[in-house]
Amino acid sequence: QITLKESGPTLVKPTQTLTLTCTLSGFSISTSGVGVAWFRQPPGKALEWLTLIYWNDDKRYTSSLRSRLTISKDTSKNQVVLTMTNMDPVDRGTYYCARLIIPFGVKDAFDIWGQGTMVTVSS
Amino acid sequence: DIVMTQSPLSLSVTPGEPASISCRSSQSLLCGNGYNCVDWYLQRPGQSPQFLIYLASYRASGVPDRFSGSGSGTDFTLKISRVEAEDVGVYYCMQARQTPITFGPGTKVDIK
């Protein structure tokens, strides 16, 4: 069974750095053709893509948050880590990681999602 | 950035009746080999998103065949042939044609 699970702090202070970990089970981040992406969702609002990393360590970031985001993978632990610097109350929301696949080798899709983790930014 | 719009934003459906959601993109979502790089996801209340449709018209594994996707270029449609109670939630279209990957605002479907 393929699962992803997000972990990290539920509360961070403004200006602090958020570090979230996505632990993968049932598949390896090193497997060709896969990857992991991070998304977030403010309460009651739409999904927003943040970043992704491919099996070959290629990475993509949303331009609006590029200076604040870093994605990395630890193949030995089969984990993907997201860091977001300079957190602000507007960054409050549920953060999800998801498995990336490339159907027919064409483009990215996200077939398995973690349960999400709610992050609040407050002093 | 590619802007995704959806209509309607809210839909109330009688069980057993069909439902249709429209998704439009600000640029063509035609990718390589003639595929359209748009996916659909369902987020049931209190749950994480679920993969429904990829490349505009291919059902993800385990998705009931009452769900279908169609469209090309900038106009796409998700159809549910006969809505069931478990279909309630918010439906999102998403483009992966280029980064940043972007989502539509979502269409909330509930049961009458």
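Residues numbered from 1 in each chain as written. Chains lettered and ligands numbered in written order. Predicted model: local features only at pLDDT ≥ 70, side-chain atom pairs only at ≥ 80, totals over all residues. Heavy atoms only, no water.

Asker: Describe in detail the state of the cysteines, supporting the description with residues and values.
Answerer: Inspection of every chain in the model, using the stated rule, returns three disulfides over all chains. Across the disulfide from Cys-22 of chain A sits Cys-97 of chain A; the S-S distance is 2.1 Å. Looking down the S-S bond of the Cys-22 of chain A and Cys-97 of chain A bridge, the torsion is 75°, so its handedness is right-handed. Here Cys-22 of chain A is found in strand S3 (residues 18-25), whereas its partner Cys-97 of chain A is found in strand S9 (residues 93-101), with 75 residues between them in sequence. Taken individually, Cys-22 of chain A and Cys-97 of chain A each receive the classification buried, so the pair is uniform in this respect. Cys-31 of chain B shares a disulfide with Cys-37 of chain B; S-S distance 1.9 Å. (Disulfide = S-S within 2.5 Å. Helix = DSSP H or I, 4+ residues; strand = E, 2+ residues; numbered from the N terminus. Buried < 20%, exposed > 50% of the residue type's maximum accessible area, 1.4 Å probe, protein only.)

Asker: Summarise the sheet that holds strand S8 (residues 79-84) of chain A; cite the residues concerned and give the values.
Answerer: Residues and elements named next belong to chain A. Taken together, four strands build an open sheet; the order of strands is S1-S3-S8-S7 and the sheet is antiparallel. In this open sheet, the two strands that pair with only one neighbour each are strand S1 (3-7) and strand S7 (69-74). Across this sheet, the average inter-strand angle for adjacent strands is 20°, counted without regard to direction. (Pairing = 2+ DSSP bridges. Axes fitted to C-alpha atoms, helices over the stretch in contact; angles between N-to-C directions.)

Asker: Which residues make up the nonpolar core, and what values do they have?
Answerer: Phe-39 and Phe-110 of chain A together with Trp-40, Leu-52, Tyr-91 and Phe-103 of chain B are the most contacted members of the largest nonpolar core, which totals 50 residues. Val-34, Leu-65, Leu-69 and Met-84 of chain A belong to the second-largest nonpolar core, a separate cluster that totals 25 residues. (Core = buried A, V, L, I, M, F, W, Y, C linked by side-chain atoms within 4.5 Å.)

Asker: Can you tell me about the pattern of salt bridges, naming the residues and giving the values?
Answerer: Under the defined criterion, the tally for this structure stands at nine salt bridges over all chains. Among the salt bridges present, the one from Glu-86 of chain B reaches Arg-66 of chain B, with a minimum N-O distance of 2.8 Å. In this pair, Glu-86 of chain B is assigned in the loop between strand S8 (75-80) and strand S9 (89-95) and Arg-66 of chain B in the loop between strand S6 (58-59) and strand S7 (67-72), connecting sequence segments 20 residues apart. A relative accessible area of 42% places Glu-86 of chain B in the partly exposed class. Where salt bridges share partners, they join Arg-40, Glu-48, Arg-68 and Asp-91 of chain A into one cluster. (Salt bridge = Lys/Arg side-chain N within 4 Å of Asp/Glu carboxyl O.)

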